[in-house]
Amino acid sequence: MSSPGPLYRPYDRLVQIEITGRVFEVPENNTLLRALQYLAPEDVAMGRFCWNEDCQYCRVTYDTGPETAKRAALACKVGVQDGMRIRELSLELRYCLRSLKLPSVPE
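Okay, so let's go over this structure. What you are looking at is a predicted structure, and each value in this text was computed from that prediction instead of being measured.

Reading across from one edge, 2-1-5-3-4 is the order of the five strands in this open sheet, with mixed pairing throughout. Strands at the two margins of the open sheet, each flanked by one partner only, are strand 2 (22-27) and strand 4 (71-74). Adjacent strand axes in the sheet meet at a mean angle of 40°, parallel and antiparallel pairs treated alike. Here six bridges tie strand 1 (residues 14-19) to strand 2, and the two strands are oriented antiparallel to one another. Paired with Leu-14 across the bridge in strand 2 is Pro-27.

Structure (structure tokens):
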């Protein structure tokens, strides 16, 4: 088991998610916003996120795999799932994840 410290919920493994066409591994049992912070710790920490649903800066559109419906959600509220595919990111999230060099449009 991991020793995540106070930032991440405890996790046993990393799960794969896709963000606009690129695949990443992030800790299970965490919100999507925490998982994104795992990928770009400093940049997401500096984002204008409230972490409690008020600001709406962490809005995403995602699905859970081929042939599943697209859903709109807040990354601070939705749990990360293995196979999750993030299709659209808010401008604030896209800016905070700029170091990942994500493609503009899903492939």
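This part covers the pattern of salt bridges. When their charged atoms lie close together, side chains carrying opposite charge are able to pair. If you walk through the whole model with that rule in mind, you get seven salt bridges. Close ionic contact of Arg-87 with Glu-18 constitutes a salt bridge, the shortest N to O distance being 2.9 Å. Taken together, the residues Arg-87 in strand 5 (residues 85-89) and Glu-18 in strand 1 connect sequence positions 69 residues apart. The burial state of Arg-87 is the same as that of Glu-18; both residues are buried. The residue Asp-63 makes a salt bridge to Arg-87 at a minimum N-O spacing of 3.6 Å.

Basis of the calculations
- Residues numbered from 1 in each chain as written.
- Predicted model: local features only at pLDDT ≥ 70, side-chain atom pairs only at ≥ 80, totals over all residues.
- Heavy atoms only, no water.
- Pairing = 2+ DSSP bridges.
- Helix = DSSP H or I, 4+ residues; strand = E, 2+ residues; numbered from the N terminus.
- Axes fitted to C-alpha atoms, helices over the stretch in contact; angles between N-to-C directions.
- Salt bridge = Lys/Arg side-chain N within 4 Å of Asp/Glu carboxyl O.
- Buried < 20%, exposed > 50% of the residue type's maximum accessible area, 1.4 Å probe, protein only.

Geometric descriptors of this kind do not, in isolation, establish any biological role.
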